[in-house]
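This is what each chain is made of:
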Amino acid sequence: MRTTKSKQRSIRRQLDEKLDLSTPQQDLLEDLASKCTSDPNSDNTFQYAFALSKSRDKSELQYSISMLDSLVKNGYEHQVDCMFGSATAHYLLGEYDDARFLCEAILRTRPENEAAAQLHTASVSAKDDREEKMARDIAIGGTAAVAAVGLALLLGKKR
């Protein structure tokens, strides 16, 4: 099902608001890290990694991805949740293709997963907006360059 750009942007805004409200507090992260250290098991690792997947710190997001991907590779029973956490971290890092790829993998097996569908739509929208902005910036830069050349030619003729 295709959605309009306006609908995609609305879904993205809603998701961004949810993510802003779910940024983990430092004390929670410290408690979960302590649990991982004192009792290293897959469930504790997952809880810590999933909390980190909503951080705003780049290194924490990258660490979250590595832990969640490792859990998937090692056959952890909550694979979809790991993939969703990893997709969220990729999205927050601006790695929209990676987030989209993971959401598509989730949706192939769980098409009813609304959270993955929203994250997928938000990833598509964010990538489209970034590409449109780059195209506008290139066009503006090209226009400025042409104007500068024209001005230089005009000034050159006056001399």
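Coordinates for the structure precede this section.
Bear in mind that the values here come from a model prediction, so they are computed numbers and not experimental data.

Caption draft 1: Region of the structure containing the packing of aromatic side chains. Taken as a whole and judged by the stated rule, the model has four aromatic pairs. Aromatic pair Y48 and Y63: ring centres 6.4 Å apart, planes at 70°, arrangement edge-to-face. Of this pair, Y48 sits in helix α3 (residues 42–52) while Y63 sits in helix α4 (residues 58–73), placing them 15 residues apart in sequence. For Y63, a relative accessible area of 43% gives the class partly exposed. A network of ring pairs unites the aromatic residues F46, F50 and Y76 as a single cluster.

Caption draft 2: Representation of the pattern of salt bridges in the model. All told, the structure shown has three salt bridges when counted by the stated rule. For the salt bridge of K127 with D97, the shortest nitrogen-to-oxygen distance reads 3.0 Å. Taken together, the residues span a long stretch of sequence, with K127 in helix α7 (residues 114–158) and D97 in helix α6 (residues 96–109) at a distance of 30 residues. What makes K127 partly exposed here is its relative accessible area of 23%.

Caption draft 3: Region of the structure containing the packing of helix α1 (residues 5–21) against helix α5 (residues 79–92). Two numbers describe how α1 lies on α5: the axes approach to 12 Å, and their chain directions differ by 105°. The angle between α1 and α5 places the two elements in the roughly perpendicular class. In this structure, α1 contributes R12, L15, D16 and L19 to the contact, and α5 contributes T88, Y91 and L92. When its residues are assigned to classes, the contact of α1 with α5 shows four nonpolar, one polar and two charged.

Caption draft 4: Here's a closer look at α5. Between its first and last C-alpha, α5 extends 20 Å over 14 residues, near the 20 Å set by a 1.5 Å rise per residue. In terms of residue burial, α5 counts as a mostly covered element, since eleven of its 14 residues are buried. What α5 keeps buried is the set V80, C82, M83, F84, G85, S86, A87, T88, A89, H90 and Y91. Of the residues flanking the end of α5, it is G94, one or two places downstream, whose phi is positive at about 80°.

Caption draft 5: Molecular detail of α1. Along its 17 residues, α1 runs 24 Å from first to last C-alpha, staying within 8% of the 24 Å computed at 1.5 Å per residue. Of all the positions in α1, only Q8, I11, L15 and L19 are classed as buried. Taken end-on, α1 shows its buried residues confined to a sector of 75°, consistent with a single buried face. Of the exposed residues in α1, those oriented more than 90 degrees away from the buried face are S6, R13, E17, D20 and L21.

Caption draft 6: Seen up close, the packing of α4 against α5. At a minimum axis distance of 9 Å, the contact between α4 and α5 shows a crossing angle of 155°. In terms of orientation, α4 lies roughly antiparallel with respect to α5. The crossing of α4 and α5 is left-handed. In this structure, α4 contributes L61, S64, I65, L68, D69, L71 and V72 to the contact, and α5 contributes Q79, C82, M83, G85, S86, A89, H90 and L92. Looking at the contact of α4 with α5, its residues break down into nine nonpolar, five polar and one charged.

So, how was this worked out
- Residues numbered from 1 in each chain as written.
- Predicted model: local features only at pLDDT ≥ 70, side-chain atom pairs only at ≥ 80, totals over all residues.
- Heavy atoms only, no water.
- Phe/Tyr/Trp six-rings, centres within 6.5 Å; stacked < 30°, edge-to-face > 60°.
- Helix = DSSP H or I, 4+ residues; strand = E, 2+ residues; numbered from the N terminus.
- Buried < 20%, exposed > 50% of the residue type's maximum accessible area, 1.4 Å probe, protein only.
- Salt bridge = Lys/Arg side-chain N within 4 Å of Asp/Glu carboxyl O.
- Axes fitted to C-alpha atoms, helices over the stretch in contact; angles between N-to-C directions.
- Parallel < 35°, antiparallel > 145°, perpendicular 65-115°, else oblique.
- Contact = heavy atoms within 4.5 Å.
- Nonpolar A, V, L, I, M, F, W, Y, C, P; charged D, E, K, R; others polar.
- Expected span 1.5 Å × (residues − 1).
- Arc of directions from axis to C-beta.
- Left-handed = near helix turned anticlockwise from the far one by under 90°.

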